[in-house]
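Residue strings, one per chain:
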Amino acid sequence: MDGGSTLTRRSLLGVAVAGVLVSGCSSSPAVKPHVPGPPDPETLLLRSLIAGKEETVALYRRAALSLTKLAAELRPFEQRHLAHLTALRGMLPQGAGAPAPASPSGAAPSGSPSPSASAVSLADLRRAERRAATARPGQTEGASPPLSQLIVSIGACEAVHVIALGRLR
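In what follows, the accompanying structure is described.

### Some details on the overall build of the protein
Consideration 1: Along the backbone of the protein there are five helices and zero strands.
Consideration 2: Walking the protein from its N terminus toward its C terminus, one meets helices and strands in the order α-α-α-α-α.
Consideration 3: Residues classed as buried in the protein amount to 31% of the 169 residues present.
Consideration 4: Excluding contacts between residues fewer than 6 apart, the proportion of contacts in the protein whose partners are at least 24 apart in sequence is 79%.

Quick look at the structure:
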């Protein structure tokens, strides 16, 4: 045996243990990351309804800036849409990851309109309300009974808004 090239049992045993440890680490079952399932259709519907309500509130705020003489009369319409928004957000399941409200009141900011924002007329508001009210019955398909009731109630309010806006001058 040469003086520098001999293997002792102790060094051989150390190499074997190290090999087992290394192979043990690589062969252990990998932790699989949590892959979320497909999104819940009702949650998707709620998110869509919320986004639509946020757009409607923003439309009313722009209208109040465009129709300054009617701003006070338009405020109750906006308030009802904000109440709808609150009710819809309240139906989102815990942890559904609802988009954060755009402002503390839960709707689009009420500051000055952007330069690209165009003036909003009463006719624009009526068209938006009519379009929303018309869409509501179809949105109840497949929704739970409590959500269907809320959607229908919102649609009824929007239909009344169409009539009430027609009376404003």
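### With respect to the layout of surface pockets
Consideration 1: Space inside the largest pocket adds up to approximately 260 Å³.
Consideration 2: Elements with a contribution of two residues or more to the lining of the largest pocket: α2 (41-66) and α4 (122-139).
Consideration 3: The element contributing the most residues to the lining of the largest pocket is α2, with seven residues.

### Looking at the pattern of salt bridges
Between side chains of opposite charge, pairing is possible as soon as their charged atoms come close.
Consideration 1: Per the counting criterion, the structure on display carries six salt bridges.
Consideration 2: Note that Glu78 and Arg61 form a salt bridge whose closest N and O atoms lie 2.6 Å from each other. Of the two residues, Glu78 sits in helix α3 (residues 71-90) while Arg61 sits in helix α2, which places them 17 residues apart along the sequence.
Consideration 3: Linking Arg75 and Glu78 is a salt bridge whose minimum nitrogen-to-oxygen distance equals 2.8 Å.

### Quick word on the environment of Glu42
Consideration 1: Mapped onto the fold, Glu42 is located in helix α2.
Consideration 2: Linking Glu42 and Met91, residues 49 residues apart in sequence, is a C-alpha distance of 9.7 Å.

### Remarks on the environment of Leu168
Consideration 1: Relative to the helices and strands, Leu168 is located in the segment after α5 (145-166).
Consideration 2: Taking C-alpha positions, Leu168 is 8.2 Å from Glu73, a pair spaced 95 residues apart along the chain.
Consideration 3: Those residues in contact with Leu168 that lie beyond four places of it in its chain are Glu73, Leu74, Phe77 and Leu122.

### Examining the packing of α2 against α5
Consideration 1: Packing of α2 against α5 leaves a shortest axis separation of 13 Å and a crossing angle of 20°. By the angle between their axes, α2 is roughly parallel relative to α5. As for the relative orientation of α2 and α5, their crossing is left-handed in sense. Across from Glu42, Leu45, Leu46, Leu49, Lys53 and Tyr60 in α2, the residues of α5 making contact are Leu147, Ile151, Ile154, Glu158, His161 and Leu165.
Consideration 2: Residue composition of the contact of α2 with α5, grouped by class: eight nonpolar, one polar and three charged.

Definitions and cut-offs
Residues numbered from 1 in each chain as written. Predicted model: local features only at pLDDT ≥ 70, side-chain atom pairs only at ≥ 80, totals over all residues. Heavy atoms only, no water. Helix = DSSP H or I, 4+ residues; strand = E, 2+ residues; numbered from the N terminus. Buried < 20%, exposed > 50% of the residue type's maximum accessible area, 1.4 Å probe, protein only. Contact = heavy atoms within 4.5 Å. 1 Å grid on protein atoms, 1.4 Å probe; cavity = no way out; pocket = protein on both sides within 12 Å on 5 of 7 lines; lining within 4 Å. Points joined across faces, edges and corners; volume = space filled by probe spheres on them. Salt bridge = Lys/Arg side-chain N within 4 Å of Asp/Glu carboxyl O. Axes fitted to C-alpha atoms, helices over the stretch in contact; angles between N-to-C directions. Parallel < 35°, antiparallel > 145°, perpendicular 65-115°, else oblique. Left-handed = near helix turned anticlockwise from the far one by under 90°. Nonpolar A, V, L, I, M, F, W, Y, C, P; charged D, E, K, R; others polar.

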